[in-house]
2 protein chains.
Amino acid sequence: MTEDKSRGWFGGSRETTQLDLERGTPVRHPAPDAGLALLDEGSAPAPSRDTVQVERSVFAAERVPSPAVSSGDRAPDPIGNTGSVDVSALRLRTVEQHLDEILGSVPQPDPIELAVLDAQGLLCAELVTSTRALPSFEQAGLDGYAVSSADIAAATVEAPVELAVVGESTAGSGERAAINAGLAQKVAVGAMMPAGADVVVPAAWTDQGAARVAVYAALAPGSYVRRTGDDVAPGDTAVQIGTPIGPAQISLLAAVGRERVSVRPRPRVSVLCAGDELVDVGATPGPGQIVDVNSYALAAAARDAGAEVYRAGILPGDPRRLTDLLESQLLRSDVVLIAGTFASGGADQLQEALHALGGMAFTQVAMHPGPLHAFGRLGHEQVPVICVPGEPVAALVAFEVFVRPAIRLMLGKRQLFRRTVQAVSAQQLLSPLGYRQYLHGQVMRHPDGGYVVEPIGDGDQAMLARMARANCLIVVDEDVTEVSAGGLVTVMPMLLGG
Amino acid sequence: MTEDKSRGWFGGSRETTQLDLERGTPVRHPAPDAGLALLDEGSAPAPSRDTVQVERSVFAAERVPSPAVSSGDRAPDPIGNTGSVDVSALRLRTVEQHLDEILGSVPQPDPIELAVLDAQGLLCAELVTSTRALPSFEQAGLDGYAVSSADIAAATVEAPVELAVVGESTAGSGERAAINAGLAQKVAVGAMMPAGADVVVPAAWTDQGAARVAVYAALAPGSYVRRTGDDVAPGDTAVQIGTPIGPAQISLLAAVGRERVSVRPRPRVSVLCAGDELVDVGATPGPGQIVDVNSYALAAAARDAGAEVYRAGILPGDPRRLTDLLESQLLRSDVVLIAGTFASGGADQLQEALHALGGMAFTQVAMHPGPLHAFGRLGHEQVPVICVPGEPVAALVAFEVFVRPAIRLMLGKRQLFRRTVQAVSAQQLLSPLGYRQYLHGQVMRHPDGGYVVEPIGDGDQAMLARMARANCLIVVDEDVTEVSAGGLVTVMPMLLGG
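Residues numbered from 1 in each chain as written. Chains lettered and ligands numbered in written order. Predicted model: local features only at pLDDT ≥ 70, side-chain atom pairs only at ≥ 80, totals over all residues.

Participant: I'm lost on the environment of B:Pro371 in this one. Help?
Facilitator: Summarising the element assignment, B:Pro371 is placed in the loop between strand 19 (367-368) and strand 20 (372-378). Classification of B:Pro371 as buried rests on a count of 26 C-beta atoms within 10 Å. (Helix = DSSP H or I, 4+ residues; strand = E, 2+ residues; numbered from the N terminus. Buried ≥ 20, exposed ≤ 12 C-beta atoms within 10 Å, placed from the backbone.)

This is the structure in structure tokens:
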């Protein structure tokens, strides 16, 4: 970047503008580990700034009109738009305001009863209590010898107690044996305890004899015995409402005799995309046309988030067929997701159709990429319809920010949002004031326990190939215009499809 | 625990034996946050030991015969077993030795071609190159005004350059417009750039005029323009071999026109369980009988790990039907998983049937719970058959340790194992020398960035209800017999079903 120093500000390069998504000091050692090297001096390094970059940044803040807005105020249009909705007349709202409206409007689908294996990954919607005791009979807690604790009370390594071994009890033996004082029965883990025995001596504490066994240690009554109901007593709660059904819960449900269980169902999400420029993936795009990637990518993302997905594809241009398709999706879905309702060919018909079905609130959200969003509840059932930008990278970012939390809310999950971590930025990041910026990045763990993140690609547009290399979103808050190299930034790791 | 001080050693309690899975100093403040409080003094607290406990531990190590073994040596039977296999004659092997044999034997299923959405979550098995340029035409990188950079070279905030606005280009317009010098065209992100324009001026850097626009800043040629092939050029790699197919990859595959893609398939895993004591979940267990939970739990775990699962249920007692069922599963599966081949009713017939199909190597693995394992390659196709203990908790631990990595290897995943973290143990843990111990626990993040773990339940048997409350496995290495409260321990977080 040295050559940039000799250039003038505006004439110089694209790297120094406020709207740049990320630019700035490149990593000094562009080896794969360069980002990690930044942390060598300590786990919370002091910001190391490139003076030239800082000057530029200050300069930019003074000279370029900032798209600063007070949230909620009617604001000038910071990023112009040519669609049929008058974007400049739209209220600007914060990410939280838009998210709150969506989360406040999604339905809570009624619980359904599923076979336990089909319930996997869903949240239990009933309080499952056991009508049984688990174990249902007194059984050996490990392999060894069932004896009476009184018989071995004096046993030590120096003076073992010898007992005669009478038979053997394996798991599944249906009849309860009995032993008299002075006798032992060899038992396998899970085997029914013989009457007269109250402890299992672990084999390792004996000479492991077959006809007679020498016991080296005394044990308190009940040692290594699983008492009836030790695990679950009749009436005990086996699975609570809201518990995610995983292998351990399935194990427990089966054990208490449940073949079916009531769960929060997967929300049904229809995915549509709009735009006269779109052709399906099988077609060869003509001039100005592009392949519909959004209905595929959003369908995959919605399924990844836990939804049952209908990929309904490209909305037709014909108004009658458009309305028919929208209505059929409203009937079958808990949520309808549409990518690309603004600023594309056919936007007028679509907006009319949406209006006729109940009306959408078109809105500018103070975020980048993709500030243009819409939300409404359409049709007889007032089904939530979420419109996200048509630009594929912005569409998937909008999915992460608004749709994934909504799907998780419908699933009943307590944790709606991905966990975020603070990471050291390997590069300077610039961000427009007043907008929350989401950048794709690669985050890696630092051996010392922290994280380092590098934005993907060379900046001003996050494209598909770059997005496909990302493993996180970097989130730069509305009031931050610059994150210096070495500074801390919020990172949302995404383990999609991996 | 104060009253224990007055008791003798062996006669006193079960809490102080080497075979105890976990015992020791309870958390001093048994409030929900008690574990976290341990970290208050610093992020790497010095071990705080309870003197009485330490004495007991030393005492135990001196007095109780230890199941110590040299790995790989023929060893005495440390945990006796009453099954038909002569367990005491089995070589003891380490967890790694058993795992290595399994991982070295699992097949690599041939790639299959799937529709892109069905490929979600799988690993790409072909090098996908693009025959197209993305974008396929020069387009606006954001909403604004397409102009010639030469026209605005002198533009500043103080002296804006005014240009006449001619028309508007939205995404999907099929025909390329052209502008002459001194003119601007309003463009939406994704719209085709008019000939004659080489930059897009962001709307925020203009007065956003309709007929005429005042531009406040100069831009380098190419600024905010997506050039043809900027994202992907013809011949570029779109998706590499081994890349997990997530929404971003599906987006890119669609964009380059791929409807189908070759992926590593989900391995087909049959899940069976053995034992005359077993009844299916719908039945009411009689005396000594227990419900088959393993075929459900292991099926869920295998599906969670990425396998396509057949839950074939309980193996029949009749030798002919037993062999028929085994053979049919060998034919349809990449791996057969059987729980409970030892020490249960019907073990003889099962072991004979397995022997007739190619032979199993029965083995003791130096781990707890569930040291008894078996592995073989059976049938014409030499299908790997993995036998895990029948005790449900031990079965799921064995799945985690041996089967999940095998499934991930067949899926082609690079990361076979769950990530482990070091956590501060909130309680003292005791572990048998020479055995790797896996304990279910609850791990939580400490606000300072570390982790704290508490074992689940009161110890000597990890049961179903306790396992269902766990979110991690605590791993205590073979050569560790004690982890003091406040000491560091290895933890394997498990996000099953959540």
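Participant: Explain the sheet that holds strand 13 (residues 268-273) of chain B to me, please; I cannot follow it from the model alone.
Facilitator: Strand pairing in a sheet relies on backbone hydrogen bonds. The paired strands run either parallel or antiparallel. All names here are of chain B. Taken in spatial order, the seven strands line up as 1-18-20-21-17-13-16 in an open sheet, and their pairing is mixed. The open sheet is flanked by strand 1 (92-93) and strand 16 (308-314), the only strands paired with a single partner. Note that strand 1 and strand 18 (residues 361-365) share two bridges and pair parallel. Note on strand 18: the bridge partner recorded for Arg93 is Val365. (Pairing = 2+ DSSP bridges.)

Participant: Any chance you could explain the sheet that holds strand 9 (residues 212-215) of chain A here in plain terms?
Facilitator: Residue and element names in this part refer to chain A. Spatial strand order, 8-5-7-6-9: five strands in an open sheet with mixed pairing. Because the sheet does not close on itself, it has two edges, and the strands there are strand 8 (199-202) and strand 9. This sheet shows a mean twist of 40° between the axes of neighbouring strands, independent of strand direction. Where strand 5 (residues 144-147) meets strand 7 (residues 183-187), three bridges bridge the pair, whose relative direction is antiparallel. By the bridge assignment for strand 7, Gly144 is matched with Val187. (Axes fitted to C-alpha atoms, helices over the stretch in contact; angles between N-to-C directions.)

Participant: Help me understand the nonpolar core, please; the structure alone is not making it clear to me.
Facilitator: For soluble globular proteins, nonpolar side chains are generally found buried alongside one another. A:Ala302, A:Leu337, B:Ala302 and B:Leu337 are the most contacted members of the largest nonpolar core, which has 222 residues in total. When residues no more than four places from it in sequence are discounted, the contact partners of B:Leu337 are B:Val269, B:Ser270, B:Val271, B:Leu298, B:Ala302, B:Ile386, B:Val388 and B:Val403. (Core = buried A, V, L, I, M, F, W, Y, C linked by C-beta atoms within 7 Å. Contact = placed C-beta atoms within 7 Å.)

Participant: Just checking my understanding: could you explain helix 7 (residues 319-332) of chain A for this structure?
Facilitator: Within an α-helix, residues lying three or four positions from one another point in the same direction, as the helix has 3.6 residues per turn. Residue and element names in this part refer to chain A. With 14 residues, helix 7 should reach 20 Å at 1.5 Å per residue; the first-to-last C-alpha distance of 20 Å fits that figure. Regarding helix 7, the residues found buried are Leu322, Leu326, Gln329 and Leu330. Buried residues in helix 7, looked at end-on, bunch into an arc of 105°, giving them a common side. For helix 7, the exposed residues set more than 90 degrees away from the buried face come down to Arg320, Arg321, Leu331 and Arg332. (Expected span 1.5 Å × (residues − 1). Arc of directions from axis to C-beta.)

Participant: How do you make sense of unusual backbone geometry when you look at a structure like this?
Facilitator: With the exception of glycine, the majority of residues adopt a negative phi angle, and the majority of peptide bonds are in the trans configuration. Across the junction of A:Leu134 and A:Pro135, the peptide omega takes the value -10°, indicating a cis bond. Locating A:Pro135 in the fold gives a position in the loop between strand 3 (128-129) and strand 4 (139-140). Of note, the amide linkage connecting B:His368 to B:Pro369 takes the cis form, showing an omega dihedral of 0°. Looking at where B:Pro369 falls in the secondary structure, it is placed in the loop between strand 19 and strand 20. At A:Gln382, a position not held by glycine, the phi torsion is positive, near 50°. As for its placement among the helices and strands, A:Gln382 is situated in the loop between strand 20 (372-378) and strand 21 (383-388). In this structure, B:Tyr224 takes a positive phi of about 60° despite not being glycine. Along the chain, B:Tyr224 falls in the loop between strand 9 (212-215) and strand 10 (225-226).

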